[in-house]
Structure formats: C-alpha cells, structure tokens
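Single-letter residue listing:
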Amino acid sequence: MPNLRIALAQVDPRVGDIARNCDEVVRRVEEAVAGGARLVAFPEQVVTGYPVEDLALRGSFVEASRAALVELAGRLAGAGLGAVPVVVGYLGRRPSSGAPQNCAAVLHRGEVVLRFAKHYLPNYGVFDEHRYFVPGDQLPVLRVDGVDVALAICEDIWQEGGRVRAAGEAGAGLLLVINGSPYERDKDDQRLALVRRRAAEAGCTLAYLNLVGGQDELVFDGDSVVVAADGEVLARGPQFEEALLVLDLELPAAHSTDAEGTVYGDGLRLVRVDAGTEPVAPDVPAPAQEFARLDDEAEIYAALVTGTRAYVRKNGFRSVLIGLSGGIDSALVAAIACDAVGAANVHCVSMPSRYSSQHSRDDAAELARRTGLNFRTVSIAPMFDAYMDPLGLTGLAEENLQSRLRGTLLMAVSNQEGHLVLAPGNKSELAVGYSTLYGDSVGAFGPIKDVYKTLVFRLARWRNEQAGLRGEVPPIPENTIVKPPSAELRPDQVDADSLPDYDLLDTVLDLYVEQDLGRDAIVAKGFDAAVVDRIVRLVDTAEYKRRQYPPGPKISPKGFGRDRRLPVTNGWRRG
Ligand SMILES: Nc1ncnc2c1ncn2[C@@H]1O[C@H](COP(=O)(O)OP(=O)(O)OC[C@H]2O[C@@H]([n+]3cccc(C(=O)O)c3)[C@H](O)[C@@H]2O)[C@@H](O)[C@H]1O
Ligand SMILES: Nc1ncnc2c1ncn2[C@@H]1O[C@H](COP(=O)(O)OP(=O)(O)OP(=O)(O)O)[C@@H](O)[C@H]1O
Ligand SMILES: NC(=O)CC[C@H](N)C(=O)O
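Model, not experiment: these values are computed from the prediction.

Definitions and limits used
Counting restarts for each chain, with residues numbered from 1 along the sequence as it is written. The order in which chains are written sets their letters, starting at A; the order in which ligands are written sets their numbers, starting at 1. Given that this is a predicted model, residues contribute local features only at a pLDDT of at least 70 and side-chain atom pairs are listed and counted only at 80 or more, while totals for whole chains, interfaces and linings are drawn from all residues. Starting at the N terminus, helices and strands are each numbered in turn, a helix being any DSSP run of H or I of at least four residues and a strand any DSSP run of E of at least two. As defined in this context, the radius of gyration uses C-alpha atoms, and a globule is described by 2.2 Å times the residue total to the power 0.38. Every C-beta atom is placed from the backbone, and the number of other C-beta atoms within 10 Å of a residue's own sets its class: buried at 20 or more, exposed at 12 or fewer, partly exposed in between. A pair of residues counts as a contact when their C-beta atoms, built from backbone coordinates, are separated by no more than 7 Å. Every helix has an expected span of 1.5 Å times one less than the residues it contains. The arc refers to the directions leading from the helix axis to the C-beta atoms. Nonpolar cores are identified as sets of buried Ala, Val, Leu, Ile, Met, Phe, Trp, Tyr and Cys residues joined via C-beta atoms within 7 Å. Domain delimitation in this document rests on an assignment produced automatically or drawn from a domain database. Defining nearness, a residue is near a molecule or strand when the C-beta atom obtained from its backbone falls within 6 Å of it. Only strands that DSSP links by at least two bridges are regarded as paired with each other. Lines fitted to the C-alpha atoms define the axes, with helices restricted to the stretch that makes contact. Angles between their N-to-C directions range from 0 to 180 degrees. In this classification, Asp, Glu, Lys and Arg are treated as charged, Ala, Val, Leu, Ile, Met, Phe, Trp, Tyr, Cys and Pro as nonpolar, and every other residue, Gly included, as polar. UniProt positions are given in the numbering used here, feature names are shortened, and annotations may be inferred rather than shown by experiment. One confidence number per residue, pLDDT, is output by the predictor and ranges from 0 to 100. Assignment of crossover handedness uses the view with strands pointing away from the viewer, where a clockwise path from the first strand over the helix to the second indicates a right-handed crossover. In what follows, roughly perpendicular refers to angles from 65 to 115 degrees, roughly parallel to angles under 35, roughly antiparallel to angles over 145, and oblique to any angle outside these ranges. Two helices crossing with the near one rotated counterclockwise from the far one by less than a right angle form a left-handed crossing, whereas a clockwise rotation gives a right-handed crossing.

Broken down by element type, the protein chain carries 18 helices and 19 strands. On C-alpha atoms alone, the protein chain measures out to a radius of gyration of 26 Å, which is about the 25 Å that the 2.2 N^0.38 rule sets for 575 residues. For the protein chain, the spread of C-alpha atoms along the three principal axes comes to 85 × 50 × 45 Å. A burial count over the protein chain gives 51% of its 575 residues as buried. Excluding contacts between residues fewer than 6 apart, the proportion of contacts in the protein chain whose partners are at least 24 apart in sequence is 73%.

Following this line, the structure appears as structure tokens:
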C-alpha cells in the first residue's frame, strides 16, 4: 500500500482579511513541505474566513476571493512549493450562473487545477447557507502519489448519501473533508461518532480538518481527526489551538478506471485531477499525533477564552474594561479576560453606590490583587445624587439609574482609553431579562452570555482548582463564590427575592430554551405550574432586551443569537 504523508493545517483565518489569510496559507505550506508532506489541506473558506455571511452577496468580495486563489497558486509555485498539491476553501461562483458558492480548490504547480462547491448547504441553527450559496454537484477526486483522495466540505458529511456515498462508489482511498464546524458542548463526541460512521460508509480512511479560533459569536475548536474505515482513530488534533498535523497514512493504491463525468449516487459527477506524482517512501516516519481531550469544564472555559480573545484581537483592540462588582459574574468574566488577553491588558473599575456592601468592594479589590489586573475605584454616589435631586426617582427607576450610571462610566472610560467593554451578563439573566437596558448590559462582547448561572459557579470553582493544581493563586476570591448573588441596587437585595432559586430556574430554562418544550410539557414533568408560568412569561417578554445585548461565544446548541430567532413584537403568551 502506498504511504501518503498528509498535512492538515488547523488554522484561524480572519473573516474578510484575504491577504493575511493567504500569507498564513503560504507560511503553513512551507512548514508542511519542510516536514515532508505530499498533500496539504486547509479548512473551509480559509481564503476569506468563515462564515462570510452577507459578504457572499458582494460581487467585489467574491471576485477578490477568486483572484486571491489564482494568485495564491502562483505564489506557492514562486516560493518553490508548487510540487505539492494544496487544498484550500474559498468563496467562488458557479460558472454558468455566477451565483456565489462555498468552494474549495486544489492548487498545484502554480495553477488552480480543480474547483468544486459544497454539495449540502446547512440551513439550520446558526447557518443560513441557502441564503448565500447554490450547491455543487460534483465528486472531486485528486490522484496524488498513486492514491485517490475524494474531497468534501463540512455539511457534506452531516447528511446521508451525497459525497460520502459517491466516494465509496468511486473507490476512493481517502476522503478528505474540510470544515468550519462551530463548537458546542459535547459536539466533539458527536463529530467523532459521525466521522467514524462516514468512514465506514465510504469504506476508506477519513481525514476531518476543522477551523480553530473565533468569529463573532462562533468559536471553532479545531479537534481535527483522522479515522480509518474500521473506526480506529489514527490522529487527533488539539482543541482550541492552531496546529499543523503531519501524518503518514497507508492507503490503497488508486484502482478506479471510471471516466471523468461518471455519475454516482445523488447525481454527483466525477471530476478527477491527477497530480502526476509518484509515491515517496518517507525517510523517517512522521510521529503519531493524538492530543488528549479536555474535560467538560476545561473545554467550555477554553471556548470562552478563545471566543473572547478572537473578538478582541480580530477587532483591533488590545485591552478590555469590566465593571468589577465583587460578584461571581464579573469575577468570572475578569478571569476569562486575563486568560484571553493577559492581566496587564484587563482594566477593571469598582463603582460603589450607597448600597454596595463593604465585602463586595473588598472582593473586587482582592480579585485584582490576585490576578494583577489594573484596578481603580470610582464612586457613583455624586452622579447618582445629581440625577436623584431633580428627578426624584424611586423603586425600579432608582435601581436602574445606578446600573446606567455604571454603564455610562464604562463607556466614557472606553472612549477615553480605548479599551473594549465586556458585558458580564450570564444566560440565566439574559433569559429572564434580569439586567438593565443601557446599564449593566452595555458592552461590545458578552463572554458568558451563553453560560447559565449554575455553570458560572462550576466554571469559577474549576478555574480556581486549576490554579491550585498549577501551584498558582486562584483568581476568584472564595467569598465571591460562596455569598448569595445580589445586584445590590437596594438595601439587602438578593437575586432570590426576584427570581426562583438558580438550580430550579436553570432546569426550567433548559427545558424551555434548549429543548424547546412548551409550557404544558414542562408542567407535565412535575414542575410547579405557577413557577413555570412565571419563567415562561419572563423569557418571552425579555426578547427585546436580548436583541440589544452584545454578541458572545456560543457554547450551547441553542445560544441567544442566530440559534433562537423569535419575534420581539409577539402576542403569543402560551409558551
Ligand atoms: N417590548 C419592549 N420593547 C422595547 N422596549 C421595551 C419593551 N418593554 C419594555 N421596554 C423598555 O424597557 C424598559 C425596562 O427595562 P429596564 O430599564 O432594563 O428595566 P427592568 O427590566 O424593568 O428592570 C431591570 C431588572 O433587572 C434587575 N437587574 C438590574 C441590573 C443588574 C441585575 C443583575 O443582577 O445583574 C439585575 C433589576 O433588579 C430589575 O429587576 C422600559 O422602561 C421600556 O423603556
Ligand atoms: N459596585 C460595582 N462596581 C462595579 N461594577 C458593578 C458594581 N455593581 C454592579 N456592577 C456591574 O454591573 C454588573 C451587574 O451586577 P450586579 O451586581 O447588579 O449583578 P450580578 O449579575 O450578580 O453580577 P455580579 O455577579 O458580577 O455582581 C456587574 O457584573 C458589574 O459589571
Ligand atoms: N460549515 C458547515 O457546513 C457546518 C455544518 C455542520 N453541521 C457542523 O456544525 O459541523
């Protein structure tokens, strides 16, 4: 059996930054070729970044992507890297109609030798690909070093049949799938099971290559994997880190004599390109690469850090600003921020009012001391009095004023000093509207907006334990974790005055939001009808607030973003 040394480049492109992304492709091909790779692959739409959303509808952008592809082929050859075929994803057009397509190409000896488009387009959850693209109808096969490598793009393996079946019918020796598959909790297990099933169906080894990094609310976890037809894992990339996986695969020699244009299942037509290369036995075998899996908390925390870092850096910021109350939410956000951009780039403001307890102020200062982040205190009392005197506010208006003064203050410091403001709201609060519009909801990015409050506590404990294991000072003060959550907007206020206990609240929210169960179905599970009614009503009436909340990293199958699109003006009140 011929040996094929492949390199899978698990990289982090920036959407819209075609020049930077192409530079990165050249750099990684250089590295792969130096490592003896005979075939190099990059993820879905690496040239443009993924997902490009409505940029796909801009003719100038599509043309820039197509031109960059041709230029990239020339650049690789010019750099002495043209002998090795390179698979890259890009944004292209269907030649007949000019309609945008989610494409990939093979670059070889200075030319674009093969182009094809994604066959199945995802149109659920966060995906809208039918809005942008028309599907491809080919089975692309690249013959390299005497092995037939069938190619596919992400959703192509999530649906039955299609390129997986066609690859089997064409007798491919390897199915190479390039992906832009966003992170969700437990999705790595789901993907591995899927990849194993598809490898068995295609009857060949399957190499699954994913993006890594973050793009607005999406986080890409990498987690590329290579699986044999019998399900054995041959290599697995790291989660949430860039990597170049170089590995040797023993693959069957190409034997298909099917002519170009042969039609397989689902109407896919064979397009074949022969790289004209001879098998090369490597001098030294590539070392086996299988990175250890992260456990649940580690994985979620890494996703939050990755998403936050990507948003800050890719939007040109160096530093962030957080209102630090001494409570658990802003404490966890501060810990994530320190891990994402470094404590020296994290700026926090304690903004006490007359209702702020001494322990809250102390806890905020203690977190700053433990992490080394930049910390200052600005009392909001004088501003508060200046509003209260002429307006005579009471009750909720008085409470929300404090939150809004803090929001205004944070934005003022952001304007003055150039830090990006992080919003500290968690998913439980966002669900029930427990935050002040234009107050604590100000900010550019919400690192924990997809994290329920009960998980906020687990992550805070987990982060402290990790510090302990590494012999470091745990970042979050114990008192912040153990005290009852409170907004401290009036004397002796605690969250439990206005909301059900968080264990109960999060359980019902999971049923209503994540699992989309109706009110009656939730009550039928044994929950108190009055509590369910109240939670359902709070969730439904807070849609307007969620629409005005900043983006944040999606970690669940149903984040408050594109995954859950409900009308704001909505007379349906029966859950
Ligand atoms: N359908 C709709 N579409 C658009 N706007 C709508 C609207 N319904 C109300 N509004 C507007 O929204 C306003 C009400 O919203 P908003 O001003 O935010 O105020 P509201 O939701 O009434 O109160 C904020 C709640 O969040 C709690 N809170 C605040 C701050 C921090 C925390 C925490 O623990 O983290 C909790 C606070 O104790 C209170 O229960 C109305 O006055 C109206 O202007
Ligand atoms: N005294 C304060 N100083 C600085 N920021 C504050 C202060 N009080 C509230 N904030 C900001 O407003 C956000 C909402 O805080 P609040 O205490 O009202 O509720 P919370 O959801 O329990 O949040 P936390 O757990 O961070 O306290 C905080 O996360 C923080 O960013
Ligand atoms: N880019 C894609 O086609 C992604 C869709 C796929 N179902 C996934 O989440 O991995």
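Next comes the rest of the description.
Next up on the list: helix α17 (residues 529-541). The end-to-end C-alpha separation of α17 is 18 Å, in line with the 18 Å expected for 13 residues at 1.5 Å each. If you check which residues of α17 are buried, you get Val 532, Ile 535, Val 536 and Val 539. Seen from one end, α17 has its buried residues packed into an arc of 100°, which puts them on one side. Turning to α17, the residues buried within the fold contact α11 (427-432), α15 (502-514) and α16 (519-524).

Before going further, it helps to examine the nonpolar core. Core analysis: the largest hydrophobic core is formed by 164 residues, its most contacted members being Leu 175 and Ala 334. In terms of domain composition, this core takes at least three residues from each of domain 1 (3-274) and domain 2 (296-494).

We now examine the domain arrangement of the protein chain. Domain annotation for the protein chain reports domain 1 (3-274) and domain 2 (296-494). The partner domain 2 presents nine residues to the 10 residues of domain 1 that form the contact. Secondary-structure elements contributing two or more residues to the side of domain 1 that touches domain 2 are β10 (212-215) and β11 (218-221). When residues in the side of domain 1 that touches domain 2 are grouped by element, the largest group, three residues, is from β10.

A negative phi angle characterises most non-glycine residues, just as the trans form characterises most peptide bonds. Cis geometry marks the peptide bond from Tyr 50 to Pro 51; its omega dihedral reads -10°. Note that Pro 51 resides in the loop between β2 (39-41) and α2 (59-78). Unusually for a residue other than glycine, Asp 186 sits at a positive phi of about 70°. One can find Asp 186 in the loop between β8 (174-178) and α5 (187-202). According to the C-beta neighbour criterion, Asp 186 is exposed, with 11 such atoms within 10 Å. Backbone geometry at Phe 240 places phi at a positive 65°, although glycine is not the residue there. Looking at the element boundaries, Phe 240 is found in the loop between β13 (233-236) and β14 (243-250). The exposure class of Phe 240 is buried, given the 24 C-beta atoms found within 10 Å.

Right, let's get into the site of ligand 1. By nearness alone, 17 residues border ligand 1, and Ser 403, Thr 436, Leu 437, Ala 487 and Tyr 544 come closest of all. Sort the elements by how many residues they give to the shell around ligand 1 and helix α10 (residues 395-417) lands first, with four residues.

Sheet strands pair by backbone hydrogen bonding; their relative direction is either parallel or antiparallel. If you trace the six strands from one edge of the open sheet to the other, you get β5-β4-β3-β2-β1-β14, paired in mixed fashion. The open sheet has two free edges, formed respectively by β5 (111-117) and β14, since each of these has just one partner strand. For this sheet the average axis-to-axis angle between neighbouring strands, irrespective of direction, equals 30°. The sheet contact formed by strand β4 (residues 100-108) and β5 spans six bridges and is antiparallel. For Cys 103, the partnering residue across the bridge sits in β5 and is Ala 117. Sheet contacts for helix α1 (residues 18-34): β1 (3-10), β2, β3 (86-93) and β14; angle to β14, the most-contacted strand, approximately 45°. Each of β3, β4 and β5 is contacted by α2, which is oriented at about 155° to β3, the strand it contacts most.

Before going further, it helps to spend a moment on the site of ligand 3. Taken together, Glu 44, Pro 122, Phe 127, Cys 154, Glu 155, Trp 158, Gly 180, Ser 181 and Pro 182 are the residues near ligand 3. Here the shell around ligand 3 is built from residues that sort into five nonpolar, two polar and two charged.

The subject of this paragraph is the UniProt feature "active site" (unreviewed entry) in the protein chain. In the numbering used here, UniProt assigns the feature "active site" (unreviewed entry) to Glu 44, Lys 118 and Cys 154. A compact arrangement is adopted by the annotated residues: their sequence extent is 111 residues, whereas the largest C-alpha distance between any two is 9.6 Å. Mapped onto the fold, Lys 118 is located in the loop between β5 and α3 (129-132). Here Lys 118 is in contact with Asn 102, Phe 133, Pro 135, Gly 136, Ile 153, Cys 154, Glu 155 and Asp 156, once residues within four sequence places are set aside. For Cys 154, the location among the structural elements is in the loop between β7 (147-153) and α4 (162-169). Cys 154 sits in the buried class, given 27 other C-beta atoms within 10 Å. Beyond its immediate stretch of four places on either side in the chain, Cys 154 contacts Glu 44, Lys 118, Val 177, Asn 179, Gly 180 and Ser 181.

It is worth spelling out the confidence of the model for the protein chain at this point. Interpretation of the predicted coordinates at a detailed level should be avoided for regions scoring low in pLDDT. Of the residues in the protein chain, 100% have a pLDDT of 70 or more, and the chain-wide mean is 96. Among the scores for the predicted complex, ipTM is 0.89 and pTM is 0.96.

What follows is about the pairing of strand β18 (residues 374-377). Across four bridges, strand β17 (residues 346-350) lies against β18 in parallel orientation. Among the inter-strand pairings, Ser 350 is bridged to a residue of β18, identified as Thr 377. Handedness of the β17-helix α8 (residues 358-371)-β18 crossover: right-handed.

For the pair helix α9 (residues 381-391) and α10, the least separation of the axes is 10 Å and the interaxial angle reads 130°. Of the possible angle classes, the one that applies to α9 and α10 is oblique. Relative to α10, α9 is oriented so that their crossing is right-handed. Touching Met 383, Phe 384 and Tyr 387 of α9 are Leu 401, Gln 402 and Leu 405, all from α10. For the contact of α9 with α10, the per-class residue count stands at five nonpolar, one polar and no charged.

Further remarks concern the environment of Asp 17. Within the element layout of this structure, Asp 17 appears in the loop between β1 and α1. Overall, the presence of 14 C-beta atoms within 10 Å leaves Asp 17 in the partly exposed class. Between the alpha carbons of Asp 17 and Val 47 there is a distance of 8.2 Å; along the sequence they are 30 residues apart.

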